[in-house]
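Here's the letter readout for the chains.
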Amino acid sequence: MKQGVIEHYRKYLPVTDKTPSLTLGEGDTPLVRCPKLEKELGVGELYFKLEGCNPTGSFKDRGMVMAVAKAIEDGFKAVVCASTGNTSASATAYAAASGLESIIIIPSGKIALGKLAQAIVYGAKIIQIKGNFDQALQIVFKLTEKHKVALVNSVNPYRIEGQKTAAFEIVDALGKAPDYLFIPVGNAGNITAYWKGFKEYHQLGKAASLPKMMGFQAEGAAPIVRGHAIAEPETLATAIRIGNPASWKKAEEARDESVGLIDMVSDAEIMAAYHKMASAGIFGEPASAAPLAGLIKRIKGGQDFSASQIVCVVTGNGLKDSDIAIKGAGGFSETEASLGAVEKVLGW
Ligand SMILES: Cc1ncc(COP(=O)(O)O)c(/C=C/C(=O)C(=O)O)c1O
């Protein structure tokens, strides 16, 4: 039976015997090799880490289980977060599982319906603001200074601790760290967490080498790439529609210490990668296609990965944004309910 992140990696986590061993079955997600795209792209070994297989459909569950368990240990009765969707879905699920109240502050109109549905059904107190994620996060900072409610955004160090376990799983599965880790960058907690995990495993002698961290932002929401905050971030990859990442500096450390990079990809490049992933049987939400979009951009720029081992992190399940997939299909025909009518459509 799945132990969950806290039990599986207890000795690497800041937990005590008073930390509740909370779990919804997060972690231990598939690391799937993709021969079809290795051939198409000329990559030595290409793996996808399917974080959409977590209980609420994104990598957030790894960090949230830690943040909520520690909030209980510290006597909180409620959690709060700003979110582009997945953080709030995860926070509300783990709060519900623990009997805590959850309050979420979200940018109005810019949240995938699947994520909003989760927050509603798990019982969150939902407040939509007439503003963006960055403004929502500033409100949450002030709220947690004034009221006894636990902040569970990725500035909460317990979130980073939980999320670093994905790096552990990759090394445990491959027997080594990959040459490159390709990952989307929004609020920049996840790239920070992965780098922390790889470094810890390396220091413990469980990984002989370290990967180059390859982070990707959406062109319309690329503050780290452009070197300044973006007041009105815009991208269809709404999960990373963030203009002033809370972990900006730590993301730059991960980039520089690993001799990697943080670059940007257009919405068109993201959607091309989204469909290319789907053509190989992998359904990620648009933000989760940014890593493959970045890899394709590097290849088009002449970088040779033919002898490289690469992991792309599929951070969220494509079902969260299913309307994007359906809109893209341009509709489909309806036939009479007969064998003949179906064979006619098939041209058989
Ligand atoms: C699918 C998906 N892929 C990538 C990111 C970026 O990770 P970070 O760089 O650690 O922020 C997010 C982030 C979402 C939120 O920030 C939120 O839900 O509030 C995401 O949901």
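All of these numbers come straight from a predicted model, not from anything done at the bench.

Q: Looking at this model, I keep getting lost on the UniProt feature "binding site: pyridoxal 5'-phosphate" (unreviewed entry) in the protein chain. Mind explaining?
A: Look at the UniProt record and you will see "binding site: pyridoxal 5'-phosphate" (unreviewed entry) annotated at Asn86, Gly186, Asn187, Ala188, Gly189, Asn190 and Thr315. Over a stretch of 230 residues, the named residues converge on one spot in the fold, their C-alpha atoms separated by at most 14.1 Å. For Gly189, the location among the structural elements is in helix α9 (residues 189-203). Residue classification places Gly189 among the buried positions, given a relative accessible area of 4%. Setting aside residues no more than four positions away along its own chain, Gly189 makes contact with Ser154, Ile160, Gln163 and Ser247. By the secondary structure assignment, Asn190 is in helix α9. Overall, the relative accessible area of 7% leaves Asn190 in the buried class. At 3.1 Å, the side chain of Asn190 forms a polar contact with the side chain of Gln163.

Q: Explain the sheet that holds strand β4 (residues 101-107) here, please?
A: One key point about sheets: their strands pair by backbone hydrogen bonds, in either a parallel or an antiparallel sense. Taken in spatial order, the four strands line up as β5-β4-β3-β6 in an open sheet, and their pairing is parallel. The open sheet is flanked by β5 (125-129) and β6 (150-151), the only strands paired with a single partner. This element, helix α4 (residues 86-98), spans β3 (78-82) and β4 of the sheet and lies at about 170 degrees to β4.

Q: Is there a simple way to explain the side chain of Ser88 in this structure?
A: You can see Ser88 is positioned in helix α4. For Ser88, a relative accessible area of 0% translates into the label buried. The residues contacting Ser88, other than those within four sequence positions of it, are Cys81, Ser83, Ile104, Ile106 and Ile111.

Q: Even after reading the chapter, I still don't get the packing of aromatic side chains, so can you show me in this structure?
A: In this description, an aromatic ring pair is defined by two values, namely the gap between the centres and the angle between the planes. Enumeration according to the criterion identifies eleven aromatic pairs in this entry. Here Phe182 and Phe305 contribute two aromatic rings whose centre-to-centre distance is 6.1 Å and whose plane-to-plane angle is 75 degrees, an arrangement assigned as edge-to-face. With a gap of 123 residues between them, Phe182 in strand β7 (residues 180-184) and Phe305 in the loop between α13 (286-300) and β10 (309-314) connect regions that are remote in the sequence. The class for Phe305 is buried, based on a relative accessible area of 1%. The structure contains a cluster of three or more aromatic residues connected by ring pairs, namely Tyr9, Tyr12, Phe168 and Tyr201. Taking NZ or CZ as reference, Lys148 lies 3.8 Å from the ring centre of Phe76, over its face. Lys206 extends its terminal NZ or CZ atom over the ring of Tyr201, reaching a point 5.2 Å from the ring centre.

Cut-offs and rules
- Each residue is numbered by its place in its chain's sequence as written, counting from 1.
- The predicted nature of this model means local features are confined to residues of pLDDT at least 70 and side-chain atom pairs, given and counted, to a pLDDT of 80 or more, with totals for whole chains, interfaces and linings taken over all residues.
- With hydrogens and water set aside, each side-chain value is computed from the structure's full complement of heavy atoms.
- UniProt positions are given in the numbering used here, feature names are shortened, and annotations may be inferred rather than shown by experiment.
- Only DSSP runs of H or I covering at least 4 residues are called helices, and only runs of E covering at least 2 are called strands; the numbering of each starts at the N terminus.
- For every residue, the accessible area obtained with a 1.4 Å probe (protein chains only) is divided by the maximum for its type, and the residue is called buried under 20%, exposed over 50%, and partly exposed between those limits.
- Note on definitions: a residue-residue contact is assigned when non-hydrogen atoms from the two residues lie within 4.5 Å.
- Pairs of N or O atoms within 3.5 Å make up the polar contacts considered here, provided that, within protein, one atom can donate a hydrogen while the other can accept it, and that residues adjacent in sequence are counted only when both atoms are side-chain atoms.
- In this description, strands pair whenever DSSP reports at least two bridges between them.
- Lines fitted to C-alpha atoms define the axes here, with helix axes fitted over just the stretch in contact, and angles between the N-to-C directions of these axes take values from 0 to 180 degrees.
- Pairing of aromatic rings covers Phe, Tyr and the six-membered ring of Trp, with a centre-to-centre limit of 6.5 Å; geometry is then stacked below 30 degrees between planes, edge-to-face above 60, and tilted otherwise.
- For a lysine, the NZ atom is tested; for an arginine, the CZ atom; a charge sits over a ring if that atom is within 6 Å of the ring centre and within 35 degrees of the ring normal.

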